[in-house]
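# Fold and geometry: a report
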Amino acid sequence: QVQPVESGGGLVQAGGSLRLSCAASGGTFGSYGMGWFRQGPGKEREFVATINWNGASTYYADSVKGRFTISRANALNTVYLQMNSLKPEDTAVYYCAVKRGGGTAFDPNEYVYWGQGTQVTVSS
């Protein structure tokens, strides 16, 4: 059983930055692909970014490409999401997810463990 726990959310003005962290306890963190998803008010959960087991492969949703960066520190069992140039439409609960296997994935159904989420609110 792997338990991811997100932190780092908060309230920020448009154009600002936040860094989310996800610490995953249990399992062998370095063998898992990881992903970030988000769910805005009244919206479906959507893919944000994914990273493979060693950080060599990353993919992003078009809506965040060039503004967000996913990275990981396997020695710390932690994955990060650096969010720059934030927009009001980035307002959402952000979830960290653990994928069985070391690759990347866009489909939330490929992720088996989910955190509780952290709220990000971007004011205009």
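Anyway, here's the lowdown on the structure attached to this text. (Residues numbered from 1 in each chain as written. Predicted model: local features only at pLDDT ≥ 70, side-chain atom pairs only at ≥ 80, totals over all residues. Heavy atoms only, no water.)

### A closer look at the environment of Thr118
Within the secondary structure layout, Thr118 lies in strand 11 (residues 118–123). For Thr118, a relative accessible area of 10% puts it in the buried group. Sequence separation between Thr118 and Gly8 is 110 residues; the distance between their C-alpha atoms is 7.3 Å. With residues near it in sequence (within four places) discarded, Thr118 still touches Glu6, Ser7, Gly8, Gly9, Leu20, Ala92, Val93 and Tyr94. At 3.2 Å, the side chain of Thr118 and the backbone nitrogen of Gly9 are in polar contact. (Helix = DSSP H or I, 4+ residues; strand = E, 2+ residues; numbered from the N terminus. Buried < 20%, exposed > 50% of the residue type's maximum accessible area, 1.4 Å probe, protein only. Contact = heavy atoms within 4.5 Å. Polar contact = N/O pair within 3.5 Å; in protein donor to acceptor, adjacent residues only side chain to side chain.)

### A closer look at the side chain of Thr91
On the secondary structure map, Thr91 appears in the loop between strand 8 (78–83) and strand 9 (92–99). Every residue in contact with Thr91, bar those within four places of it in the chain, is listed here: Gly40, Pro41, Gln119, Val120, Thr121 and Val122.

### Some thoughts on the state of the cysteines
Counting across every chain of the model gives one disulfide. In this model Cys22 forms its disulfide with Cys96; the gap between the sulfur atoms is 2.1 Å. On the S-S bond that ties Cys22 to Cys96, the torsion sits near -75 degrees, and the link is left-handed. Pair noted here: Cys22 is in strand 3 (residues 18–25) and Cys96 is in strand 9, with a separation of 74 residues, a long-range link. The pair Cys22 / Cys96 is uniform in exposure class, with both members buried. (Disulfide = S-S within 2.5 Å.)

### Things to note about the nonpolar core
Core analysis: the biggest nonpolar cluster contains 34 residues, and Met34, Trp36, Val79, Leu81, Met83 and Tyr94 have the highest contact counts within it. Of all the secondary structure elements, the ones that give two or more residues to this core are strand 3, strand 4 (33–39), strand 5 (46–51), strand 7 (68–73), strand 8, strand 9, strand 10 (111–114) and strand 11. Looking at this core element by element, the count peaks at five residues for strand 9. Among all residues touching Met83, those that are not within four sequence positions of it are Gly16, Ser17, Leu18, Leu20, Arg67, Phe68, Tyr94 and Val120. (Core = buried A, V, L, I, M, F, W, Y, C linked by side-chain atoms within 4.5 Å.)

### A few points about the environment of Asp107
On the secondary structure map, Asp107 appears in the loop between strand 9 and strand 10. Separated by 72 residues in sequence, Asp107 and Gly35 place their C-alpha atoms 9.7 Å apart. A polar side-chain atom of Asp107 sits 2.8 Å from the main-chain amide nitrogen of Asn109.

### As for the packing of aromatic side chains
According to the stated counting rule, one finds six aromatic pairs in the structure shown. With centroids separated by 5.8 Å and ring planes inclined at 75 degrees, the aromatic side chains of Phe37 and Phe47 adopt a geometry described as edge-to-face. Of this pair, Phe37 sits in strand 4 while Phe47 sits in strand 5, placing them ten residues apart in sequence. The pair Phe37 / Phe47 is uniform in exposure class, with both members buried. Ring-pair connections join several aromatic residues into one group, and the members of that group are Phe37, Phe47, Tyr59, Phe106, Tyr111 and Trp114. (Phe/Tyr/Trp six-rings, centres within 6.5 Å; stacked < 30°, edge-to-face > 60°.)

### A short note on the pairing of strand 8
Most of strand 8 sits out of view: five of its six residues are buried. Relative to strand 8, strand 3 runs antiparallel, the two being bridged by six bridges. Of the residues in strand 8, the one forming a bridge with Ser21 is Tyr80. Strand direction decides the pairing type here: strand 7 and strand 8, joined by six bridges, are antiparallel. Bridge assignment links Arg72 to a residue of strand 8, and that residue is Val79. In textbook terms, the turn of a hairpin is the stretch between consecutive antiparallel strands, and for strand 7 and strand 8 this stretch comprises four residues, one of which, Asn77, has a positive phi near 55 degrees. (Pairing = 2+ DSSP bridges.)

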